[in-house]
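# Breakdown of the fold
Listed below, chain by chain, are the residues.
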Amino acid sequence: MARRCELTGKGVMTGNKVSHALNRTRRRFLPNLLNVSLLSDTLGRTVKLRISANALRSVEHRGGLDAFLLKADDAELSPVALAVKKEVRAALATA
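Just so we're clear, the structure is a prediction, and the values are computed from it rather than from any experiment. (Residues numbered from 1 in each chain as written. Predicted model: local features only at pLDDT ≥ 70, side-chain atom pairs only at ≥ 80, totals over all residues. Heavy atoms only, no water.)

## Here we look at the pairing of strand β3 (residues 33-40)
Stated precisely, the cut-off is as follows: The criterion for strand pairing is that DSSP finds at least two bridges linking the strands in question. By definition, any uninterrupted DSSP run of H or I lasting at least four residues is a helix, any uninterrupted run of E lasting at least two residues is a strand, and each is numbered from the N terminus.
Pairing of β3 with strand β4 (residues 45-52), which is carried by eight bridges, proceeds in the antiparallel orientation. Residue Val36 lies in a different strand from β4, and its bridge partner there is Leu49.

## Quick look at the nonpolar core
The tendency in soluble globular proteins is for nonpolar side chains to be buried as a group. Rules: For this analysis, a nonpolar core means a set of buried residues of the types Ala, Val, Leu, Ile, Met, Phe, Trp, Tyr and Cys, connected via side-chain atoms within 4.5 Å. For every residue, the accessible area (1.4 Å probe, protein chains only) is compared with the maximum for its type, and the residue is labelled buried under 20%, exposed over 50%, or partly exposed between those bounds. Contacts: residue pairs with any heavy atoms within 4.5 Å of one another.
In this structure, Leu7, Leu38, Leu49, Ile51, Leu65 and Leu69 are the most contacted members of the largest nonpolar core, which totals 18 residues. Contributions of two or more residues to this core are made by β3, β4, α1 (53-62), α2 (65-71) and α3 (79-94). Those residues in contact with Leu38, other than ones at most four positions away along the chain, are Leu7, Arg45, Thr46, Val47, Leu49, Ile51, Leu56 and Leu65.

## Overview of the environment of Ser19
Keep this limit in mind: The definition of a polar contact used here is a pair of N or O atoms within 3.5 Å, where within protein one atom must be able to donate a hydrogen and the other to accept one, and adjacent residues in sequence count solely through side-chain atom pairs.
Relative to the helices and strands, Ser19 resides in the loop between β1 (13-18) and β2 (24-29). Judged by its relative accessible area of 33%, Ser19 is partly exposed. Here Asn23 takes part through its backbone nitrogen, which lies 3.1 Å from a polar atom of the side chain of Ser19.

## Considerations on the pattern of salt bridges
Condition: Salt bridge, as used here, is a side-chain nitrogen of Lys or Arg placed within 4 Å of a carboxyl oxygen of Asp or Glu.
Counting across every chain of the model gives two salt bridges. In this structure, Arg45 and Glu87 form a salt bridge, with 2.7 Å as the shortest nitrogen-oxygen distance. On the criterion of sequence distance, the pair formed by Arg45 in strand β4 and Glu87 in helix α3 is long-range, its members being 42 residues apart. Judged by its relative accessible area of 36%, Arg45 falls in the partly exposed class. Among the residues examined, Glu87 registers a relative accessible area of 35% and is labelled partly exposed. Among the salt bridges present, the one from Lys85 reaches Asp74, with a minimum N-O distance of 2.6 Å. Here Asp74 lies in the loop between α2 and α3 and Lys85 lies in helix α3, a separation of 11 residues in the sequence. Take Asp74: its relative accessible area is 38%, and that puts it in the partly exposed class.

## Concerning the packing of aromatic side chains
Where we set the bar: Side-chain rings of Phe, Tyr and Trp (the six-membered ring for Trp) are treated as a pair once their centres are within 6.5 Å; stacked means planes under 30 degrees apart, edge-to-face means over 60, and tilted covers the remaining angles. Comment: the charge-over-ring label is applied if NZ (Lys) or CZ (Arg) is within 6 Å of the ring centre and within 35 degrees of the ring normal.
Counted by the stated rule, this structure contains zero aromatic pairs. Geometry around Phe29 places Arg27 over its ring, the cationic atom sitting 3.8 Å from the centre.

## Focus: the side chain of Arg50
Applicable threshold: Counted charges follow a simple rule, with Lys and Arg positive, Asp and Glu negative, and His plus the chain ends left uncounted.
Along the chain, the position of Arg50 falls in strand β4. The buried charged residue Arg50 lacks any salt bridge partner; its closest oppositely charged side chain belongs to Glu6, at an N-O distance of 6.8 Å. Separated by 3.3 Å, the side chain of Arg50 and the backbone oxygen of Ala2 make a polar contact.

Below, the structure is given as structure tokens:
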């Protein structure tokens with residue numbers, strides 16, 4: 001399982017750990033990933049995703065999973081999120 005957010009695409013970054021003596025060694029900055037179940041109002045069911053805490057705040061700010069997915073760029077979304085986005089679009093088109 002990759003350390004990548006399924007909604008925003010946020011992943012691992014690298015940098016330097018700098019000691020007091022300014023010695024530099026490489027380190028990794030891992031994203032704060034959470035396993036969450038988000039409710040889709042259009043589909044009427046929950047969707048399990050592995051997203052960052054920042055993405056969870058963005059979903060809440062935009063008014064839910066459906067609004068976030070419809071506004072999100074397809075290149076950043078995981079295959080699971082793309083499938084949910086396609087289902088939401090289809091459900092909105094028929095309603």
